[in-house]
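Structural overview for review
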Amino acid sequence: MSSTELPFVPPANVLPKVAAVRVAEGERLRSVRLPGITLTIRSRRPAREGLPPALYVHGLGGSSQNWSALMPLLDDVTANEAVDLPGFGDSPPPDDGNYSITGHARAVIRYLDASGRGPVHLFGNSLGGAVATRVAAVRPDLVRTLTLVSPALPEIRVQRSAVPTGLLALPGVAALFTRLTREWTAEQRVRGVMALCYGDPGRVTPEGFRHAVEEMERRQRLPYFWDAMARSARGIVNAYTVGGQHGLWRQAERVLAPTLLVYGGRDRLVGYRMAQRAARAFRDSRLLTLPEAGHVAMMEYPETVATAFREFLADTGKPAAGTDTRGAADGVPADENTGG
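First, a word on scope: everything that follows refers to the structure included in this document. These numbers come from a predicted model, not from an experiment.

Cut-offs used in this document
Residues numbered from 1 in each chain as written. Predicted model: local features only at pLDDT ≥ 70, side-chain atom pairs only at ≥ 80, totals over all residues. Heavy atoms only, no water. Helix = DSSP H or I, 4+ residues; strand = E, 2+ residues; numbered from the N terminus. Contact = heavy atoms within 4.5 Å. Areas by Shrake-Rupley, 256 points an atom, 1.4 Å probe, with all protein chains shown as cover. Buried < 20%, exposed > 50% of the residue type's maximum accessible area, 1.4 Å probe, protein only. Pairing = 2+ DSSP bridges. Core = buried A, V, L, I, M, F, W, Y, C linked by side-chain atoms within 4.5 Å. Expected span 1.5 Å × (residues − 1). Phe/Tyr/Trp six-rings, centres within 6.5 Å; stacked < 30°, edge-to-face > 60°. Lys NZ or Arg CZ within 6 Å of the ring centre and 35° of its normal.

1. With respect to the overall build of the protein chain
Within the protein chain, the regular secondary structure consists of eleven helices and eight strands. Taking all contacts inside the protein chain whose residues are at least 6 apart in sequence as the whole, residues at least 24 apart take part in 77%. A total accessible area of about 14,700 Å² is found for the protein chain, and carbon and sulfur atoms account for 52% of it.

Printed below as a string of C-alpha cells:
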C-alpha cells in the first residue's frame, strides 16, 4: 500500500463492539458528529458558571484520558474538555483516512467552530502539541492561551530512543511489528509504553497501571488501531520535512497567544534541548522545565503543571489573540500529505 493509498475502514456504525471506555469520577463522554469525522469529547463540570473554556489534545497513541489527572485540578479556573482525535480513544477513524498534522488540526478547528466554545485555553501534548501549534497559528481567533507539553516540533537530531516510534511511519513496519509482538500481553505493552513515556514509571499507581492495561486490551480489539498509529506517526514525520510558511517552527513564530511550554528532562521522545529553541520561537512564551519528568508531565506531575498554568493564567489575563484567519478551508493550509 502506498503512503497515499487509503485503507478500507468499516463505517463507524459497523465497527466491532469493544469494552466501554473508562470514565473517571466527575467526567462524562459525548459523541459529536461533524463533516467527515465523529469525535468523542471528555468533559468535566466546572466549579462555577462563566469560566473560560479549555480544550486538551493528546499525543500519539494516547487519548483524552491522558488529561484526566490534570483537568480536575483546574476545574475552578477553566471549563475543561478533552478530545479524542480521529482514530484514537473512542473516536472512529476519519472518513478520508487523513491522519496528518493538518488533518488532526482540521478536526480540532471544526469542533471549536461547531461548538462555538472558542477562544479556548488550548493544551497539547506531543503530537497534540504540534496540532495545537498549527491551530493557534492559522486560527488565532480560537485560542486564548497555548500550553504545550513536550510538543512534537521538528528536531534535526532525533533521540535514539524515539527512532522506533518514527519507524512506524514506514509502510509495512506497523504490520511487521504486530506480527513480531503477537504474543505480547497487554501488560507487557503497557510496561513498554510507560518506560518510554515516564521519567519514573514507578510513579504510576497500581490502579493507574490496571486502567492502562484495560485500555490497551480495548484498543487492540479495534481493527484500525495500528493503522491510526502508523499514519499519525507518518503525519509527524511528514510535518518535520515541510519547510516554508507551513513548517511547524515557522508557524510557532506566528502564534500570537501567550504560550506556556513544559519540557521534561527525562523525555525519551522529545529532546530536552528543544526547550530553549521553543522558548525563542514562540513570541510570548514562558518555559517550565521539569528535570525528573518524562514525555507526559501532565500525567506524571499534574499538580506541578496545574500550578504553572494557574500562575501563567494570572500573569497573562489578557483577551484572545487577533482574528487573522487567512488560509484554506477551516483556516488550515493545503495538506502536506493527504495520505497522513
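There is more to say, and it comes next.
2. Some words on the pairing of strand β4 (residues 79-84)
Counting buried positions over the six residues of β4 gives six, a clear majority of the element. Taking every second residue as pointing to the same face, both faces of β4 are buried, with A79, E81 and V83 on one and N80, A82 and D84 on the other. Where strand β2 (residues 37-44) meets β4, four bridges bridge the pair, whose relative direction is antiparallel. Within β4, the position partnered with S43 by the bridge is E81. In this structure, strand β3 (residues 53-57) lies alongside β4, joined through five bridges in parallel fashion. Within β4, the position partnered with P53 by the bridge is A79.

3. Some details on the nonpolar core
With 54 residues, the main nonpolar core has L122, L146 and F282 as its most contacted residues. Counting residues per element, this core draws most heavily on helix α2 (residues 127-138), which supplies eight residues. Within the second largest apolar cluster, 35 residues are counted, among which are M71, V190, Y301 and A308.

4. Quick look at helix α6 (residues 206-220)
Here α6 is 15 residues long and its end C-alpha atoms lie 21 Å apart, about the 21 Å a rise of 1.5 Å per residue gives. Listed as buried for α6 are F209, H211, V213, E215, M216, R218 and R219. Where α6 is buried, its residues touch α5 (186-197) and α7 (225-241).

5. Some details on the packing of aromatic side chains
Summed over the entire model, instances satisfying the criterion amount to six aromatic pairs. Ring centres of Y56 and F123 lie 4.3 Å apart, and the angle between their planes is 20 degrees; this geometry places the pair in the stacked category. Of this pair, Y56 sits in strand β3 while F123 sits in strand β5 (residues 120-125), placing them 67 residues apart in sequence. F123 shares its class with Y56; the two are buried. Taking the centre distance of 6.2 Å and the plane angle of 70 degrees together, the rings of W67 and F123 count as edge-to-face. With W67 in the loop between β3 and β4 and F123 in strand β5, the pair connects residues that are 56 residues apart, well separated along the chain. Taking relative accessible area as the criterion, W67 reaches 0% and is therefore assigned buried. Connected via pairs of aromatic rings, a cluster forms that spans Y56, W67, F123, F309 and F312. Between the NZ or CZ atom of R203 and the centre of the ring of Y301, over which it lies, the distance is 4.1 Å. Above the face of the W249 ring, R277 is positioned so that its terminal group lies 4.2 Å from the ring centre.

6. Considering the environment of Q65
Looking at the element boundaries, Q65 is found in the loop between β3 and β4. Given the relative accessible area of 17%, Q65 is considered buried. Between the alpha carbons of Q65 and V83 there is a distance of 9.2 Å; along the sequence they are 18 residues apart. Ignoring any residue separated from it by four or fewer positions in sequence, one finds Q65 in contact with V21, R22, R42 and E215.

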